[in-house]
Amino acid sequence: MNVFNNHLRQVILLGLIILIGFLIVNHFFIFLPGVLGAVTLYILSKKSYFYLVEKKKWKKSWTALLYILAYTIIICLPVYLAVVMLLPRMIALFNNPVPLVVAVKSFTQKIQETTGIEFFNGDNVQLAMKNLAGRVPMLLTSTANFITNLILMFLVLYYMLFHGRRLEEFIYHFIPLKIKNRKMLSEETDTMIRANAIGIPLLAIIQGFVGALGYFIFGIKEFGVWGFLTGVASLIPIVGTGIIWVPLTIYLLAVGHTWQGIGLGIYSLAILTNVDYVARITLLRKIGDVHPLITIFGVIVGLSLFGFLGLVFGPLLISYFILLIKIYRNEFNSVPMTPMHYEEEAKHKIERLE
């Protein structure tokens, strides 16, 4: 009877914990990217922060504020540059879409003369411009949410750094897993966040430089600006850099620069789009042995769940799913692993690294 009562109390208490946790997450979800961003920056900063505070005896509060200032510059500067570069061009396009319509008509007329197929016309372009202009309020709302999450992220980061040791100790002992599984979870989180938070911006920089080089070779004006925007666009899954180089290729063909347009198209398809895959299977795997499919599927899932920070936490979510299966096996598998099993796992890991 006592055992039954204990199980009943356990179920009731667990149900209350799940219910309250669901309510908190459900109503706090809009601010979740800010908290996740703070976790990311904390993991990237903790080693150097603890070194400065514990070894060099720097003051904890001022050191935390110094890190926040550095991250503010690192995060906000690219966003500011992207807005400054893109906004005047968008305003000019909205105010005077005639050159774009003329260029599109000229290009589609050439395609129609060659293939006999009409893909789109000037009316469709103008309709697309109106639809794009209609999304401006949504963009303003997203900007407000981004700023709010940014402020929350830095606030949470300050307290995470200031109380870092106590926080880590509490979380480590709070997780109801065996010690080896806690270590596995901690190491996997650290590795995945570092691989994505460092690797993804590096991939964007690489693609930006490769794109700028191609634009310079094939005569695109302001190739540096378009290269920067190509790097930013590379963060978007599936379409990626095509958002930039496809319109530029069409523009070159529309204004009569046929060979330059063909050259840019071939360059972009052969080099620019493939440098991303090559960098992923080399750079990200060196930083954290991240499989490219985990990164790709994780980014797709993460962007819909967490917004921009899904670039980091999407792949982490996929990795956690796989990791939790391993932990479940370790926690509840009644069949002990033999030395042969360990030998096979070690061999498989060596083969995967090679």
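### Structural notes on the packing of aromatic side chains
Considering all chains together, one arrives at 6 aromatic pairs under this definition. Ring pairs connect the aromatic residues Tyr49, Phe50 and Tyr67, which therefore count as one cluster. The residue whose ring lies beneath Lys60 is Phe162, and the NZ or CZ to ring-centre distance is 4.7 Å. Of note, Arg165 hangs over the ring of Phe50, and the distance from its end group to the ring centre comes to 3.9 Å.

### What about the side chain of Asp190?
Tracing the sequence through the fold places Asp190 in helix α8 (residues 179–217). The buried category is assigned to Asp190, whose relative accessible area is 17%. The contacts of Asp190, once residues within four sequence positions are left out, are Ile43 and Lys46.

### Remarks on the nonpolar core
If you look at the biggest cluster of nonpolar residues, it comprises 24 residues, and the most contacted ones within it are Tyr42, Tyr49, Phe154, Leu157 and Leu161. Within the residue set of this core, elements represented by two or more residues are α2 (32–55), α3 (60–95), α6 (136–162), α8 and α13 (310–332). If you tally residues by element for this core, the top one is α2, at 9 residues. With near-sequence residues (within four places) excluded, Leu161 lies in contact with Tyr42, Ser45, Tyr49, Phe50, Ala64 and Tyr67.

### Details of a nonpolar patch on the surface
On the surface, a nonpolar cluster with roughly 850 Å² of combined accessible area is contributed by Leu8, Ile12, Leu16, Leu19, Ile20, Phe22, Leu23, Ile24 and Phe28. Positionally, Ile24 belongs in helix α1 (residues 2–28). Owing to a relative accessible area of 52%, Ile24 belongs among the exposed residues under this scheme.

### A word on helix α10 (residues 242–254)
For an α-helix the count is 3.6 residues per turn, leaving residues at separations of three or four pointing the same way. For α10, which comprises 13 residues, the first-to-last C-alpha distance of 17 Å matches the rise-based estimate of 18 Å (1.5 Å per residue) to within 8%. Of all the positions in α10, only Gly242, Ile244, Trp245, Leu248, Thr249, Leu252, Leu253 and Ala254 are classed as buried. Positive backbone phi, approximately 95°, marks Gly256, located one or two places after α10.

### What to know about the confidence of the model for the protein
Scored by pLDDT, the protein has a mean of 75; 71% of the residues are at 70 or more. Summarising per-element confidence for the protein, the mean pLDDT is lowest in helix α14 (residues 339–353) (50) and highest in α2 (86).

### Points about the packing of α2 against helix α7 (residues 164–174)
Where α2 contacts α7, the two axes come as close as 11 Å, and the packing angle between them is 130°. The angle between the axes of α2 and α7 places the two elements in the oblique class. Taken together, the residues of α7 that come into contact with α2 (itself represented by Tyr42, Lys46, Phe50 and Glu54) are Gly164, Arg165 and Glu168. For the contact of α2 with α7, the class distribution of residues is 2 nonpolar, 1 polar and 4 charged.

What counts, and at which threshold
Residues numbered from 1 in each chain as written. Predicted model: local features only at pLDDT ≥ 70, side-chain atom pairs only at ≥ 80, totals over all residues. Heavy atoms only, no water. Phe/Tyr/Trp six-rings, centres within 6.5 Å; stacked < 30°, edge-to-face > 60°. Lys NZ or Arg CZ within 6 Å of the ring centre and 35° of its normal. Helix = DSSP H or I, 4+ residues; strand = E, 2+ residues; numbered from the N terminus. Buried < 20%, exposed > 50% of the residue type's maximum accessible area, 1.4 Å probe, protein only. Contact = heavy atoms within 4.5 Å. Core = buried A, V, L, I, M, F, W, Y, C linked by side-chain atoms within 4.5 Å. Patch = residues over 30% accessible without salt bridge, like charges linked within 9 Å, V, L, I, M, F, W, Y side chains within 5 Å. Areas by Shrake-Rupley, 256 points an atom, 1.4 Å probe, with all protein chains shown as cover. Salt bridge = Lys/Arg side-chain N within 4 Å of Asp/Glu carboxyl O. Expected span 1.5 Å × (residues − 1). pLDDT = per-residue confidence, 0-100. Axes fitted to C-alpha atoms, helices over the stretch in contact; angles between N-to-C directions. Parallel < 35°, antiparallel > 145°, perpendicular 65-115°, else oblique. Nonpolar A, V, L, I, M, F, W, Y, C, P; charged D, E, K, R; others polar.

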